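Chain by chain, the residues run as shown.
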Amino acid sequence: MFDPGQEAGGESEGPAEFDGWFDNVDNYDGVVDRTGEEEITVQVGSQANGGGFGFGPAAVAVSPGTTVVWEWTGEGGSHDVQADDGSFASEMVGDAGHTFSHTFDETGTTKYYCMPHKTMGMKGAVVVE
Ligand SMILES: [Cu+2]
């Protein structure tokens, strides 16, 4: 029979709900507040998840209208940035200094990941509030 194990309870440490999205993301350290800025930068290929396989920071909060610029570190091989809901997708590249940007106009949470390293924990989220 199915064993529910230790799943009872739950975390409620903030307004953002990620439904386990960050369970295997070892550089997730809460939602970093970057609200009130027109443009912010998130690193692609931060040291995490056993190598250069993280987004840094993994989760950020921004204000509506903010442009998020993902900047490749050149670590961890080739990466991409793909919205879990399909709302944006970058090309797959490995070059340090490459950038991809997306402007978030609507409030809500957008999860995203790197396709080749998703199962390793290369995942992030942008919370627009
Ligand atoms: Cu990657």
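Structure's up top.
Cut-offs and rules
Residues numbered from 1 in each chain as written. Predicted model: local features only at pLDDT ≥ 70, side-chain atom pairs only at ≥ 80, totals over all residues. Heavy atoms only, no water. Phe/Tyr/Trp six-rings, centres within 6.5 Å; stacked < 30°, edge-to-face > 60°. Helix = DSSP H or I, 4+ residues; strand = E, 2+ residues; numbered from the N terminus. Buried < 20%, exposed > 50% of the residue type's maximum accessible area, 1.4 Å probe, protein only. Lys NZ or Arg CZ within 6 Å of the ring centre and 35° of its normal. Contact = heavy atoms within 4.5 Å. Donors = N, O, S within 2.8 Å, 3.2 Å for Na, K, Ca; no water. Tetrahedral: all angles 85-135°; square planar, octahedral: opposite > 155°, others 65-115°. Pairing = 2+ DSSP bridges.

*Asks:* What's the story with the packing of aromatic side chains in this structure? I'm lost.
*Replies:* Any two aromatic rings considered together are summarised by their centre-to-centre distance and by the angle between their planes. Counted by the stated rule, this structure contains 11 aromatic pairs. Centre to centre, the rings of Phe88 and Phe100 are 6.2 Å apart; their planes meet at 40 degrees, and the pair counts as tilted. With Phe88 in the loop between strand E6 (82-83) and strand E7 (99-104) and Phe100 in strand E7, this residue pair connects regions lying 12 residues apart in the sequence. The pair Phe88 / Phe100 is uniform in exposure class, with both members buried. Within the aromatic cluster, the residues linked to one another by ring pairs are Phe55, Trp70, Phe88, Phe100, Phe104 and Tyr112. For Lys118, the ring lying beneath its charged end belongs to Tyr113, and the centroid distance is 4.3 Å. Its guanidinium or amino end placed over the ring of Trp21, Lys123 lies 4.8 Å from that ring's centre, counting from NZ or CZ.

*Asks:* Would you take a moment to explain the environment of Thr41 for this structure?
*Replies:* Tracing the backbone through its elements, the reader meets Thr41 in strand E2 (residues 39-48). When the C-alpha positions of Thr41 and Ser101 are compared, they lie 8.9 Å apart, and in sequence the two are 60 residues distant. Ignoring any residue separated from it by four or fewer positions in sequence, one finds Thr41 in contact with Arg34, Gly56, Val69 and Glu71.

*Asks:* Explain the coordination of the copper ion to me, please; I cannot follow it from the model alone.
*Replies:* Metal coordination angles have textbook ideals: 109.5 degrees for a tetrahedral set of four donors and 90 or 180 degrees for an octahedral set of six. The protein atoms donating to the copper ion are His79 (ND1), Cys114 (SG), His117 (ND1) and Met122 (SD), with metal-donor distances spanning 2.0 to 2.5 Å. Around the copper ion sit 4 donor atoms; with metal-centred angles ranging over 93 to 128 degrees, the donor geometry is tetrahedral. Mapped onto the sequence, the donors of the copper ion take the spacing H-x34-C-x2-H-x4-M. The pair formed by His117 and Met122 is uniform in burial state, with each residue classed as buried.

*Asks:* In this structure, what is going on with the sheet that holds strand E8 (residues 108-113)? I would like to understand it.
*Replies:* Across a sheet, strands are paired by hydrogen bonds formed along the backbone, either parallel or antiparallel in direction. The sheet built from 5 strands is open, its strands ordered E1-E4-E9-E8-E6 with mixed pairing. Edge strands, defined here as strands with exactly one partner in the open sheet, are strand E1 (32-33) and E6. Alignment of E8 against strand E9 (residues 123-128), held across 6 bridges, turns out to be antiparallel. Residue Lys111 lies in a different strand from E9, and its bridge partner there is Ala125.

*Asks:* For this particular structure, what's the right way to read unusual backbone geometry?
*Replies:* Negative phi characterises most residues that are not glycine, and trans characterises most peptide bonds. Put simply, Gly56 and Pro57 share a cis peptide bond, and its omega is -5 degrees. By the element assignment, Pro57 lies in the loop between strand E3 (51-56) and strand E4 (59-62). For Asp19, which is not glycine, the phi torsion reads 50 degrees and is therefore positive. Note on Asp19: relative accessible area 69%, which makes it exposed.

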